[in-house]
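Here is what each chain is made of, one letter per residue.
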Protein chains: 2
Amino acid sequence: MLKREAADGVFHALADANRRAVIERLTRGPATVSELAAQLGVTVAATVQHLQVLQDNELVRSEKVGRVRTCQIDPAGLRNAEAWLQRQRTAWEHRLDRLGAVLDDQTEESGS
Amino acid sequence: MLKREAADGVFHALADANRRAVIERLTRGPATVSELAAQLGVTVAATVQHLQVLQDNELVRSEKVGRVRTCQIDPAGLRNAEAWLQRQRTAWEHRLDRLGAVLDDQTEESGS
DNA sequence: AAGACACTTAAGCCACCACTTGACTTTCCA
DNA sequence: TGGAAAGTCAAGTGGTGGCTTAAGTGTCTT
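Every value quoted in this text rests on a predicted model; they were computed, and no experiment measured them.

Trainee: How would you sum up the overall build of chain A? Please name residues and give values.
Mentor: When helices and strands are tallied, chain A shows five helices and three strands. Taken over 112 residues, chain A has a buried fraction of 40%. Counting only contacts in chain A whose residues sit at least 6 apart along the sequence, the fraction spanning at least 24 positions is 47%. As displayed, chain A offers around 6,400 Å² of accessible surface, 48% of which is attributable to carbon and sulfur atoms.

Trainee: Could you give me a rundown of the sheet that holds strand 1 (residues 31–32) of chain B, with the residues and numbers involved?
Mentor: All names here are of chain B. The three strands are arranged 1-3-2 in an open sheet whose pairing can be described as antiparallel. The sheet terminates laterally at strand 1 and strand 2 (60–65), the two strands that pair on one side only. Along the sheet face, helix 2 (residues 17–26) touches strand 1, strand 2 and strand 3 (68–73) and points at about 85 degrees away from the line of strand 3.

Trainee: Describe the relation of the copies chain A and chain B, with residues and values.
Mentor: Mapping chain A onto chain B leaves a residual RMSD of 0.1 Å; the transformation is a rotation of 180 degrees accompanied by 0.0 Å of translation along its axis. Such a combination of rotation and displacement between the chain copies is what one expects of a two-fold axis. In this assembly the copies share their binding face: 100% of the residues contributing to the interface of chain A also contribute to that of chain B.

Trainee: Quick one: what's the story with helix 3 (residues 33–40) of chain A, residue by residue and with numbers?
Mentor: All names here are of chain A. Taken together, the buried positions of helix 3 are V33, L36, A37 and L40. Along helix 3, the residues classed as buried sweep out an arc of 100 degrees about the axis, all on the same side. At its buried positions, helix 3 is contacted by helix 2 (17–26), strand 1 (31–32), helix 4 (44–56) and strand 3 (68–73). Once helix 3 ends, the next one or two residues include G41, with phi positive near 80 degrees.

Trainee: Which residues make up the pattern of salt bridges, and what values go with them?
Mentor: Counted by the stated rule, this structure contains eight salt bridges over all chains. Between D8 of chain A and R20 of chain B there is a salt bridge; the shortest N-O distance is 3.0 Å. One end of the pair, D8 of chain A, is in helix 1 (residues 4–14); the other, R20 of chain B, is in helix 2, on a second chain. Accessibility expressed as a relative area gives 30% for D8 of chain A, which makes it partly exposed. Assessed through its relative accessible area of 3%, R20 of chain B is described here as buried. One salt bridge in this structure joins E93 of chain B and R89 of chain B, with 3.1 Å as the shortest N-O distance. One end of the pair, E93 of chain B, and the other, R89 of chain B, are both in helix 5 (residues 75–110), four residues apart, so they sit about a helical turn from each other.

Calculation criteria
- Residues numbered from 1 in each chain as written.
- Chains lettered and ligands numbered in written order.
- Predicted model: local features only at pLDDT ≥ 70, side-chain atom pairs only at ≥ 80, totals over all residues.
- Heavy atoms only, no water.
- Helix = DSSP H or I, 4+ residues; strand = E, 2+ residues; numbered from the N terminus.
- Buried < 20%, exposed > 50% of the residue type's maximum accessible area, 1.4 Å probe, protein only.
- Contact = heavy atoms within 4.5 Å.
- Areas by Shrake-Rupley, 256 points an atom, 1.4 Å probe, with all protein chains shown as cover.
- Pairing = 2+ DSSP bridges.
- Axes fitted to C-alpha atoms, helices over the stretch in contact; angles between N-to-C directions.
- Least-squares fit on C-alpha atoms with pLDDT ≥ 70 in both.
- Arc of directions from axis to C-beta.
- Salt bridge = Lys/Arg side-chain N within 4 Å of Asp/Glu carboxyl O.

This is the structure we're talking about:
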């Protein structure tokens, strides 16, 4: 299950346009820190900080070999966020279904 | 489609625990501003500000009748966020499929 | 060995955000 | 009509976030 803490971190991570850009980039294949920084148009240092947030929330994984760190998507965080959204949407839809049924019953009972 | 701007707003809105609590509450039925404020444990003024953010990003709708404003879920924003997440996840899965196929071909060619 | 390369870490800066208080408007009701 | 209730608006405040520069660490390459 998704604890409140976890949702907090994931959505906070996704709230930044640059971090989402990193995710979009990584869905198309692994990339190094420098490559990501170049694409974002910010410092390597800033990119490292973004990656830290993304990793803390299981949105990105990375491995350092030699002096170069290679990053790739970690689907766990995405799944967590998706699960929360689905829970809300389906809960709302089910409520509407029940509400609809009640209204149908009422109109049947009272006639038009 | 979901523009970058839209994603920015929706995820920012979802990044706050109190705003998510509002959404969770509203999936179980409409509520007034005061009710939401009471549940959150913050001022009515703060709640109004949260509602403003939620409405700007199509996560909540509200209507004022008399002196009381009643709020309910607006599924549009939730769908937007869900769509973005699904796009990333499926893009990543498709890429893995292609990669897997390539690796299979290679192992077939070279034998075990 | 020496310099370039790819990051990493620390410190500081500015903007934004969530929240509060307080004054105000509108609506209800006795 | 007078006052309580429900919400709105504006200003101020403490805290956080994202970015930068600058200095440092480990790793190639020649």
